[in-house]
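# Residue-level structure breakdown
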Amino acid sequence: MSFLIVLAALCFLMFVAYRGYSVILFAPVAALGAVLLTDPTLVQPMFTGLFMDKMVGFLKLYFPVFVLGAVFGKLIEISGFSKSIVSATIKLVGAQRAMLSIVLVCAVLTYGGVSLFVVVFAVYPFAAELFRQSNIPKRLIPGTIALGAFSFTMDALPGTPQIQNIIPSAFFGTNSWAAPWLGVIGTVVIMLLGMSYLEWRRRTAIAKGEGYAGTGEELRNEPEAFRGDKLAHPLLAILPLILVGVSNFLFTRWIPGFYGETQSFLPAVIGNPAPVVQEVSKMAAIWAVQGALLLGILSVIAFAWKPVVTAFAEGTKSAIGGAMLASMNTASEYGFGAVIAALPGFLVVSNALGAIPNPLVNEAVSVTAMAGITGSASGGMSIALAAMADSFIANAHAAGIPMEVLHRVAAMASGGMDTLPHNGAVITVLAVTGLTHRQSYKDIFAITLIKTLAVFAIIAVYYMTGLV
C-alpha cells in the first residue's frame, strides 16, 4: 500500500503537469496527499519542515541564476545578436541543419559549465529565430534543446562540469574524467540516434506542409523583433556567449583560491549576531555562474547600447517574470521529490531495485528509477547513491568492475528517466518557449528514451570489450 501511495502521487503530478496545470500548486498537493494517506499527523510538519525547507533552499541557491540567465537571454534577443548569429549560421551550415546548430550551441555552453537552466534562456532566442527562418515547427525546439543541453554534455561526455557528473566522484573516489571511452561512446550513440530522430520529425512535418507556426496554434513567448537599424557582426554578437563560458570556467577555479575554504562576516546590526559562514566549496560554482552572467549582461549592453536601452525596461520585466515562474516550478518539484523520498513507499522501491543481480544494470535501473520518481537527475542520483553506493561498490569489487565504470553508468543513468512530465527542467523549457506538454513533450520523452538506451549500450560495450 505504501508503494501504491507513492506511485499514485507520482502519476497524479505527471498527469496534471501534462494537462497544463500549475506545478507550483499541484506539487505540494500531490506530496501532501501522499503524506495524508501514509500518516495524517505528519501533513503539516512535512509541509513546513521538509517541502518548504527544500523548496526555499533551492530558491536561495538558484533564483539569482534563473534571473540573470533570463535577463541575459532577453538582452541577446533585443540587441539583435540572436538574429545576427542565426543569419550567419544559416549561411554557414544551411537552413536544413538548423537543429544541429542549436544542439551544438547548447552542447558548447553546457560543456563550458553554464547551467542547463541558463542555457534554455540563452539559446531560446537563437532557436526561435533559426527555426522561423528555416520554417521548422516551433514545437520541435524543446526536444532540440533537450538533446543539446540535457543529455550527453550533462553527464556522458568526460570532463563535463555539470553536477550530474560530479556527484558520483564523492561516492566512488573518481573524478569527472572517469571512464572516458565509455563516455565518448555513449555521447556518439546519443548524438546519432537523437539527431536521426529530430531530423525524421522535421521531414515528417515538412511533408505535411507544417511551418514554424505549426497547424495554426497561437504562438506564445515569441522573441521580440529587432528594433535597431543594423545587425551587429556575427563575431561581435557571439562574443557575450563566449565570455560567459570562459569567465565561468575561470571563476570556478579562481574563487576557491581567493576566498579559501570558508568565508565569514559579522552583520552590522544591533545586538550580538552570530557570524554568517559560507562554505566556499559549496558556493563556488554558483558564484562563478552568477559572475559570468553579469559579465555577459554588461558586455551585451556595451556592444549594443542603443537597441538594448530602447527596450530594456519592458524586456527585463518579461524576462524576470519568466525566471520567477521557471524557478518556482522547479523549486516545487524539488520539494515534492524530498517529501516522496521520505515516505515508506520510497524505501519499498529502493529495496526492490537492490534485488537486480547484475551490478551495472542494478545501478543503472536504480539511479534512473529514483531520478524519475523524484523528477530530478541530481536529486534522484544522490538519494540512490547515498542508500546503495556501498552495495554497488561491494558487488563491483566482487565482479572486478572498476569504480570509473560505476561513476559513468550512475551519471548517465541519472539523466534518463528524470525527464518525466513533472521534471523541473522540462517544465522550464516549456515555460520559456511558450509551449505545452501536449505540443512538445513527445519529443523530449523520445530523447529521454534514447538517453536511457545509451546507458545500457555502454554497459554492453564494457562487458564485450573491457573498455573504460
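Residues numbered from 1 in each chain as written. Predicted model: local features only at pLDDT ≥ 70, side-chain atom pairs only at ≥ 80, totals over all residues. Heavy atoms only, no water.

Where helix α10 (residues 180-207) meets helix α17 (residues 403-414), the closest approach of the two axes is 10 Å, and the angle between their N-to-C directions is 25 degrees. Classified by the interaxial angle, the pair formed by α10 and α17 is roughly parallel. Every pair of crossing elements has a handedness; the one defined by α10 and α17 is right-handed. Here α10 contributes Leu182, Gly183, Gly186 and Ile190 to the contact with α17, which in turn contributes Val405, Arg408 and Met412. When grouped by side-chain class, the residues that make up the contact of α10 with α17 number four nonpolar, two polar and one charged. (Axes fitted to C-alpha atoms, helices over the stretch in contact; angles between N-to-C directions. Helix = DSSP H or I, 4+ residues; strand = E, 2+ residues; numbered from the N terminus. Parallel < 35°, antiparallel > 145°, perpendicular 65-115°, else oblique. Left-handed = near helix turned anticlockwise from the far one by under 90°. Contact = heavy atoms within 4.5 Å. Nonpolar A, V, L, I, M, F, W, Y, C, P; charged D, E, K, R; others polar.)

What follows covers unusual backbone geometry. Positive phi, normally seen in glycine, also occurs at Asn135, with a value near 60 degrees. Along the chain, Asn135 turns up in the loop between α6 (116-134) and α7 (141-149). Look at Ala179: it is not a glycine, yet its phi comes out positive at around 45 degrees. Looking at where Ala179 falls in the secondary structure, it is placed in the loop between α9 (163-172) and α10.

In this structure, Phe72, Ile102, Phe336, Ile340 and Leu385 are the most contacted members of the largest nonpolar core, which totals 144 residues. Examining the composition of this core, we find that 16 residues originate from one element, helix α3 (residues 43-78), more than from any other. Beyond its immediate chain neighbours, meaning those up to four positions away, Phe72 contacts Ala122, Pro240, Leu241, Val244, Leu293, Gly296, Ile297 and Val300. (Core = buried A, V, L, I, M, F, W, Y, C linked by side-chain atoms within 4.5 Å. Buried < 20%, exposed > 50% of the residue type's maximum accessible area, 1.4 Å probe, protein only.)

This paragraph deals with the side chain of Asp155. Within the fold, Asp155 resides in helix α8 (residues 152-155). Take Asp155: its relative accessible area is 0%, and that puts it in the buried class. A polar contact is formed between the side chain of Asp155 and the side chain of Lys451, at a distance of 2.7 Å. (Polar contact = N/O pair within 3.5 Å; in protein donor to acceptor, adjacent residues only side chain to side chain.)

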